[in-house]
Structure formats: C-alpha cells, structure tokens
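# Tertiary structure, described
Listed here are the chains, written in short residue letters.
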Amino acid sequence: MEFSSNIASLQPSATMAVSSLAKQLRAEGRDVIDLSAGEPDFPTPSWISDGAMDAVRAGRTRYTPAPGLPELRKAVADDLSRRSLAGWSCSPEAVVITAGAKQAMYNACFALFGPGDDVLVASPYWTSYPQMVGLSGARPVPVRGPEEMGFKLRPEDLEAAAGDSTRGLILCSPCNPTGSVYSLKELEAVAQWARERGIWLMSDEIYRRIVFTGSGGDAPSLSDIPQEKLGPHVLVDGASKCFAMTGWRIGYSVTDPEVARKLAAFQSHTTSNAATPSQWAALRALSDPVRAQDSIGNMVTAFLRRRNLMVEGFRRHLPDLTLVEPEGAFYLFFRVDGEYTDAVPDSQTWCSRVLETTGVALVPGAAFGDDRYVRLSYATSDDLLAEALRRLVEDRG
Ligand code: PMP
Ligand code: GLU
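Notes on the structure follow.

Here T255 is to be found in strand β8 (residues 251–255). For T255, the side chain forms a polar contact with the main-chain oxygen of H233, separated by 2.8 Å.

Once that is clear, we can look at the site of ligand 1. Around ligand 1, 13 residues are found, and the nearest of them are N176, D204, Y207, S240 and R249. Take A101: an N or O atom from its main chain is 2.8 Å from an oxygen atom of ligand 1. A distance of 2.7 Å is found between an oxygen atom of ligand 1 and a side-chain nitrogen or oxygen belonging to R249. Computed on the free molecule, ligand 1 has an accessible area of 390 Å², of which 92% lies beneath the protein chains in the complex. Considering every element that reaches the shell around ligand 1, the biggest residue donor is helix α4 (residues 100–112), with three residues. Residue composition of the shell around ligand 1, by class: six nonpolar, three polar and four charged.

Read from one edge of the open sheet, seven strands run β2-β8-β7-β6-β5-β3-β4, paired in mixed fashion. Two strands lie at the open edges of the sheet, namely β2 (95–98) and β4 (139–143), each paired on one side alone. For this sheet the average axis-to-axis angle between neighbouring strands, irrespective of direction, equals 20 degrees. The pairing of strand β3 (residues 118–122) with β4 spans five bridges and is classified as parallel. Each residue of the ladder has a partner; that of V121, found in β4, is P142. Set on the sheet, helix α8 (residues 257–270) makes contact with β2, β6 (200–204) and β8; between it and β2 the angle comes to about 25 degrees.

Further remarks concern helix α3 (residues 70–83). It helps to recall that an α-helix has 3.6 residues per turn; residues three or four apart then point in one direction. Across its 14 residues, α3 extends 20 Å between first and last C-alpha, which sits within 8% of the 20 Å expected from 1.5 Å per residue. Of the positions making up α3, those classed as buried are L72, R73, A75, V76, A77, D79, L80, S81 and R83. Contact partners of the buried residues in α3: β2, β7 (233–238), β8 and α9 (276–287).

Here we take up the packing of aromatic side chains. If you walk through the whole model with that rule in mind, you get 14 aromatic pairs. With centroids separated by 5.4 Å and ring planes inclined at 90 degrees, the aromatic side chains of Y207 and F330 adopt a geometry described as edge-to-face. Linking Y207 in the loop between β6 and β7 with F330 in the loop between α10 (289–317) and β9 (331–335), this pair joins segments that are 123 residues apart in sequence. Take Y207 and F330: they sit in the same class, and that class is buried. On the numbers, 5.0 Å between centres and 45 degrees between planes, the contact of F303 with F330 is tilted. One end of the pair, F303, is in helix α10; the other, F330, is in the loop between α10 and β9, with 27 residues separating them in the sequence. There is no split in this pair, since F303 and F330 are both buried. Taking the ring centre of W280 as reference, the NZ or CZ of R60 above it sits at 4.4 Å.

The rules behind the values
Just so you know, the residues in each chain are numbered from 1, in the order the chain's sequence is written. As a convention, the first chain written is A and the first ligand written is 1, with the rest following in written order. Selection of residues for local features in this predicted model requires a pLDDT of at least 70, selection of side-chain atom pairs for listing and counting requires 80 or more, and totals for whole chains, interfaces and linings are taken over all residues. Note that the side-chain values use all heavy atoms of the structure and ignore hydrogens as well as water. Helix and strand definitions follow DSSP, with helices as H or I runs of at least four residues and strands as E runs of at least two, each counted in order from the N terminus. The term polar contact refers here to a pair of N or O atoms within 3.5 Å; inside protein, the definition further demands a hydrogen-donor-capable atom paired with an acceptor-capable atom, and it admits residues adjacent in sequence only when both atoms are side-chain atoms. For this description, a residue counts as near a given molecule or strand if any of its non-hydrogen atoms is within 4 Å of it. Every accessible area reported is derived by Shrake-Rupley at a probe size of 1.4 Å, with residue values counting cover from the shown protein chains alone. Just so you know the grouping, Ala, Val, Leu, Ile, Met, Phe, Trp, Tyr, Cys and Pro go in nonpolar, Asp, Glu, Lys and Arg go in charged, and all remaining residues, Gly too, go in polar. We call two strands paired when DSSP finds no fewer than two bridges between them. Where helices are involved, their axes are fitted lines through C-alpha atoms of the stretch in contact, as for all axes, and angles between N-to-C directions lie from 0 to 180°. Any two residues whose heavy atoms approach within 4.5 Å at even a single point are treated as in contact. In a helix, the anticipated span is given by 1.5 Å times the number of residues less one. The cut-offs for exposure are 20% and 50% of the maximum accessible area for each residue type, with area from a 1.4 Å probe on protein chains only; residues under the lower value are buried, those over the upper are exposed, and the others partly exposed. Two aromatic rings from Phe, Tyr or Trp, using only the six-membered ring of Trp, form a pair when their centres are within 6.5 Å; if the ring planes differ by under 30 degrees the pair is stacked, by over 60 it is edge-to-face, and anything between is tilted. A ring is considered to have a charge above it if a Lys NZ or an Arg CZ atom is located within 6 Å of its centre and within 35 degrees of its normal.

Spatial relationships are all this shows, so hold off on functional conclusions.
What follows is the structure, given as structure tokens:
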C-alpha cells in the first residue's frame, strides 16, 4: 500500500505496542506481568470522577469551545499561578485544553515547526517526540547530557548539537524514561540557553507532581522561572498521571496567548474540544487543591515504595544491570548491553527473550533512543513487582 509522505516513515508507539502484545498474550492464557506502558494502576479518585457524573446528569454533554471550558482554562491558569515559585500570573487565554498531554505536544510541534527546521530532543526521550516532530515536517535531533548525570542536558551539550536550523528543544522533567529530575538551577541554565538562541522551549511536565526528592513539593517547572527570564516556550501538563486519569484524555498547554489562539484554531479543525465530561472531571480535580494534594500524596507514597523496592532489588540481585537513579515519574531505566550476544544483539531481542522466558513485558531502550537500555514501569502493585523481580533474578540464575 502506498501512503502519503506525511506518514510514510511513521512507526507505531513502541510503548503502546508492547502493552498491546502483553494484553494479547494474557488473553491467550500466558502468565504475563506487564511492566511496559506507564500508567498508574490506581482508579481515578472517586471525588474527581463525580465531577463528570454530575456534569453528565446535568446534561453538560455538548461541545465546549475548542480551547476548552472557560472554567477549566481559568482553573489551570490559577493552579499554575498558585504553585509558581516565581510569582507567575497566568492568564486563562494562555491555556488550551487538549485530549491528553500527547495532543498538546503534537499541536505545539505542528504549529511551531516545519520542513527545514531542526528540533533538539533531550535523549533518552519519550518515544513519541521524534515521531511528532517528524509529522510536523521538521527533523528531530537527539541530544544527550552525561550518562552519569542521568543524561540531563547542560548548555554546552545543547550548544554542541545546535545549528542554524535549530528551532526548538523538547525537554521532559521528571523524565520518561529515565526518572531524572532537573533542579531549578539546571532548568534555568537550559532555559537561558534557549532564550539566548531564540528557540522554542517545549517543557513536558506531565510527571511534575510525581517526584521523590526535595521537600515533598513538585519538581521544578518553567513556571518557577520568572517570565522575563524565559524566551518563547510551551509548558505541557495534564491530568493523566498525577490524577490517574489516563483514559479520560485531558492535557493542556500553556504559552503566549497569541500562540494559544493558533493552537486552538488548529484543534478546532482536527478534534474540536477534549471530551466534555472529562473536562468537568478535571475541573473538579483542580478546584480543590487540598484534596488533590491528598490524593496525589497517597499515590506518590506508593510509587516511592515501589521505586525503592525495585532499585534496591536491582542493586542487590541484578548488580550488572546498572540503572539511572530515578528521582521522579515511575520508570526504571537500566542497562542490559553487558548481556548482548550474537543471538541477543540489541534491546528489542533482549526484551523479546525475557518476555518469552519469564513473561515479564518491558520496553526496549531503542524506542527511547538508547539501544543499551531497557525501561520498566513500576506503576503496578508491589506483589507483581516483587514477582517480576524474582523471575528476572531466576532467569539469570
Ligand atoms: N508525555 C510523556 C512524557 C508521557 O510519558 C506521556 C504518557 N503517555 C504523555 C506525554 C502523554 O500523556 P497523555 O496520556 O495525557 O496524553
Ligand atoms: N506515557 C506512557 C508510556 O510512556 C503511556 C504510553 C504512551 O502514551 O506512550 O508508556
């Protein structure tokens, strides 16, 4: 079949592909532990779901404006301003509500980049960024910081990778897949570099509230940097991870209002608004900061316990599989290339072999731009994690 050049080289999402395969094998009766897709295993807190139930019962089931319910745009703007350490005063006009953070990232890539542009992508990267940049017609350029610093970027790494065609940089902190978290100082250094270069800084902060370091607050955000110190930027966040709302499909972007209007115009021709009942649920979540913090705190406590279980388990029982110390999100990124052989030469075959022999589903690092590594999601029960660890150790023994 011939496809247009738009999608000729498009690959399906590797994270979603492994998780579909795991579901299929399970349906066929295989004993599979799925540690592939990054998705909280908790139900959406019922007080948040009630926001949608109430809306549906009240007949609020029609279109909203393309950029979202005015009440929700205001709630996002207020929430960001309230939590900003730099005194941001965010306008609702800057906010566009999208069908998941994925759509927010895609809208921004499509609106800001095009043929002839290079976009730096902090690597290892979430698997969808290079594809989204490619779909816009631009060229993704992976750039990485030192491995021993959890791959975090410094201005000198960026300077070495940038050229005359560089138009943007995509950053993710806390990072999927490494779990690395930029300190405010590190983030400021990157933001200053982007500003001096006059390029777009796209900051994916979907895991901002899932962080294990510091004093229990959020991970540093662009919104912790004074506006006047930032160049052109798009901040992306959403409800999927911190409120366990992956299936509701609510994300958002925050940027200059003029850009926000273009993003909304684009969305008005593609998907219109994010699902209306989902927007009402997200509004409920953002309208009660105390309850929200309580629900998030409970989930983060569980993620931290599971992170410690896995990190300690790997260090004690699988010391050859060296890992990036995760400080946020819910992923473990570990090196497996020491085990490569002629028959198992890369992360894809390593994961296939492990799935075959142990039933543990993992995502090959190649999907994130580093074929030496493999990613494990620990957003699942302690019991399943302990059993997965046991199987991985046994497989080696
Ligand atoms: N960014 C990152 C880094 C992610 O891991 C995900 C997970 N799917 C997304 C964006 C997309 O989130 P959503 O489900 O809200 O589209
Ligand atoms: N973000 C999650 C992951 O990386 C969910 C799947 C996806 O959207 O890629 O596994």
